[in-house]
Amino acid sequence: MASFNVAAFLFFLGLLFGASFAQLTEDFYDQTCPRLPNIVRREVKRAIESDIRAGAKLIRLHFHDCFVQGCDGSVLLVDAPGIESELNGLGNLGIQGLEIVAAIKAAVERECPGVVSCADILAQASKDSVDVQGGPSWRVLYGRRDSRTANKTGADELPSPFETLEPLKKKFEALGLNSTDLVALSGAHTFGRSRCRFFNGRFSNFSGSGQPDPTLDPTYRQELERACTNEDTRVNFDPTTPDTFDKNYYTNLQANRGLLTSDQSLFSEAGADTVDTVNLLASREGTFLRFFRRSMIKMGNIRPLTGNQGEIRTNCSRLNDLGAQPGHDVM
Ligand code: HEM
């Protein structure tokens, strides 16, 4: 009776948070691919050695994966018969790092063919990217399977850099992530770059006001204006420590040095509950890292496919049966 109550309670929690915590486990590949963590970590380190942005690209892919029909590798699928790629969705235009995922997957396939999902590789690679660059480590939960569908419309509706707090909160809440998760996860903008097109509207006539965005520090604005020689120039998210995973994202927000409207809105919207969280995470490195780790695990649990659902793709960009057809390369 007691065990039934516990199971019922966990099931209820799962429903409540729209996530399937119970189905993913730390030991999922212990028998079938015991060296998985070492292989992925080695490949992530190698990628970062040749491209300092590799880690940032990987974690962003995981975020965009989880936010569209759950963490199921759907973001990686390219156009094919029956697949309208999420990569053509508004939120994914210009997203990078697919070749890094392909290299990691190839290394995993060499040791454990047909066993490890692309969705799990994204989750593991994100953790490694963060801790290789100075952030926290955590124990990744595994057992996600890869989708046989993509949802381009979902990718059109990913959180936008031009959005303010309320719409951002709604998009996170719809996936069981609260405003603390929103603030903690946005901390990933402590590394990586953004193209100028996503923030240059803040420089002048912001929202038709005839003035620059008042929540953008004027000195920082001038630095950005100088750096943005064209719309596609990439600028550091964190002007202080651009490639280190630390709490400076939050101290930047406190100084009106958030790069995107969506970043600065966490601190600059009067009365918002996110302001206290920004101040808390800005105060101590350890606090930010603890919050970030917790929210990443929560994000990685969004609606995974498990059991017999979906498949384990051989090539992360293509469905297995389409991959075997003439004209579709397998790796
Ligand atoms: C809160 C809503 C968010 C918005 C509106 C947003 C928007 C953006 C935009 C516009 C870029 C620049 C893209 C480009 O220039 O091509 C970017 C980059 C990035 N985002 Fe976010 N993001 C959000 C949340 C997150 C989250 C939750 C994560 C991870 C946990 C994340 C990780 C990154 C990283 C690491 C980069 C840099 C990628 C690179 O250097 O290639 N973002 N984001």
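Residues numbered from 1 in each chain as written. Predicted model: local features only at pLDDT ≥ 70, side-chain atom pairs only at ≥ 80, totals over all residues.

### Notes on the overall build of the chain
Then, in step 1: Across its full length, the chain carries 14 helices and two strands.
Then, in step 2: Here the C-alpha atoms of the chain give a radius of gyration of 20 Å, agreeing with the 20 Å that 2.2 N^0.38 yields for 331 residues.
Then, in step 3: Each of the three principal axes of the chain carries a C-alpha extent, and together these read 55 × 55 × 35 Å.
Then, in step 4: Residues classed as buried in the chain amount to 41% of the 331 residues present.
Then, in step 5: Contacts in the chain between residues far apart in sequence, at least 24 positions, make up 77% of those at least 6 positions apart. (Helix = DSSP H or I, 4+ residues; strand = E, 2+ residues; numbered from the N terminus. Rg over C-alpha atoms; globule rule 2.2 N^0.38 Å. Buried ≥ 20, exposed ≤ 12 C-beta atoms within 10 Å, placed from the backbone. Contact = placed C-beta atoms within 7 Å.)

### Notes on the site of the ligand
Then, in step 1: Around the ligand there are 24 residues in total, and Ala56, Leu185, Ala188, Gly192 and Arg195 lie nearest to it.
Then, in step 2: Where the shell around the ligand is concerned, the elements lending two or more residues are α3 (54–67), α8 (179–186) and β1 (193–195).
Then, in step 3: With five residues, the single largest contributor to the shell around the ligand is α3.
Then, in step 4: Counting residues domain by domain, the shell around the ligand receives three or more from each of domain 1 (23–158 + 302–323) and domain 2 (176–298). (Near = placed C-beta within 6 Å. Domains from an automatic or database assignment.)

### Describing the UniProt feature "binding site: Ca(2+) 1" (unreviewed entry) in the chain
Then, in step 1: Within the UniProt annotation, "binding site: Ca(2+) 1" (unreviewed entry) is assigned to Asp65, Val68, Gly70, Asp72, Ser74 and Glu86. A maximum C-alpha distance of 12.8 Å is found for the annotated residues, which run over 22 residues; spatially they form one tight group.
Then, in step 2: Mapped onto the elements, Asp65 comes out in helix α3.
Then, in step 3: Take Asp65: there are 27 C-beta atoms within 10 Å of it, and that puts it in the buried class.
Then, in step 4: With residues near it in sequence (within four places) discarded, Asp65 still touches Cys71, Gly73, Ser74, Val75, Ala119 and Leu122.
Then, in step 5: One can find Ser74 in the loop between α3 and α4 (98–111).
Then, in step 6: Classification of Ser74 as buried rests on a count of 28 C-beta atoms within 10 Å.
Then, in step 7: When sequence neighbours within four positions are dropped, the list of residues in contact with Ser74 reads Asp65, Val68, Gln69, Glu86, Ser147, Thr149, Ala150 and Asn151. (UniProt positions renumbered as here; feature names shortened; annotations may be inferred.)

### Section: unusual backbone geometry
Then, in step 1: Positioned with a positive phi, Gln69 is a non-glycine residue whose angle comes to about 50°.
Then, in step 2: You can call Gln69 partly exposed: it has 19 C-beta atoms within 10 Å.
Then, in step 3: A positive phi angle, near 50°, is found at Ser207, a position not held by glycine.
Then, in step 4: With respect to the secondary-structure elements, Ser207 resides in the loop between β1 and α9 (218–227).
Then, in step 5: Residue Ser207 is classed as exposed on the basis of its C-beta count, with 12 C-beta atoms lying within 10 Å.

### Some points on the domain arrangement of the chain
Then, in step 1: Per the domain assignment, the segments of the chain are domain 1 (23–158 + 302–323) and domain 2 (176–298).
Then, in step 2: One C-alpha centre belongs to domain 1, the other to domain 2; they are set 26 Å apart.
Then, in step 3: At the junction of the two partners, domain 1 supplies 16 residues and domain 2 supplies 15 residues.
Then, in step 4: Going through the elements one at a time, α3 and α5 (118–132) are the ones with two or more residues in the side of domain 1 that touches domain 2.
Then, in step 5: It is α3 that contributes the most residues to the side of domain 1 that touches domain 2, four residues altogether.
Then, in step 6: Within the side of domain 1 that touches domain 2, the residues separate by chemical class into eight nonpolar, six polar and two charged. (Nonpolar A, V, L, I, M, F, W, Y, C, P; charged D, E, K, R; others polar.)

### A closer look at the UniProt feature "site: Transition state stabilizer" (unreviewed entry) in the chain
Then, in step 1: Here, the residues flagged by UniProt with the feature "site: Transition state stabilizer" (unreviewed entry) are Arg60.
Then, in step 2: Tracing the sequence through the fold places Arg60 in helix α3.
Then, in step 3: Not counting residues within four places of it along the chain, the set of residues in contact with Arg60 comprises Ile95 and Gly192.

### Brief notes about the environment of Glu86
Then, in step 1: Along the chain, Glu86 falls in the loop between α3 and α4.
Then, in step 2: For the pair Glu86 and Asp156, spaced 70 residues apart in the sequence, the C-alpha separation amounts to 8.1 Å.
Then, in step 3: Residues in contact with Glu86, not counting those within four places in the same chain, are Val68, Ser74, Val75, Leu77, Asn92, Ala150, Asn151, Lys152, Gly154 and Ala155.

### Concerning the packing of helix α2 (residues 36–50) against α3
Then, in step 1: Where α2 meets α3, the axes come as close as 8 Å, and the angle between the chain directions of the two elements is 125°. Overall, the two elements α2 and α3 adopt an arrangement that is oblique. Facing α2, whose interface residues are Val44, Ala47 and Ile48, α3 presents Ala54, Gly55 and Leu58.
Then, in step 2: Here the residues of the contact of α2 with α3 are counted per class, giving five nonpolar, one polar and no charged. (Axes fitted to C-alpha atoms, helices over the stretch in contact; angles between N-to-C directions. Parallel < 35°, antiparallel > 145°, perpendicular 65-115°, else oblique.)

### Remarks on the nonpolar core
Nonpolar side chains in soluble globular proteins tend to be buried together.
Then, in step 1: Core analysis: the largest hydrophobic core is formed by 69 residues, its most contacted members being Val40, Val101, Ile104, Ile121, Leu122, Val278 and Leu281.
Then, in step 2: Here this core takes eight residues from α3, the largest share from any one element.
Then, in step 3: Here this core spans two domains, and each of domain 1 (23–158 + 302–323) and domain 2 (176–298) adds at least three residues to it.
Then, in step 4: Beyond its immediate stretch of four places on either side in the chain, Val278 contacts Val183, Tyr250, Leu253, Gln254, Leu266 and Phe267. (Core = buried A, V, L, I, M, F, W, Y, C linked by C-beta atoms within 7 Å.)

### Focus on the environment of Asp263
Then, in step 1: Checked against the element boundaries, Asp263 lands in helix α11 (residues 261–268).
Then, in step 2: For Asp263 and Phe206, which are 57 residues apart along the polypeptide, the C-alpha to C-alpha distance reads 16 Å.
Then, in step 3: With residues near it in sequence (within four places) discarded, Asp263 still touches Ser186, His189, Leu253 and Gly258.

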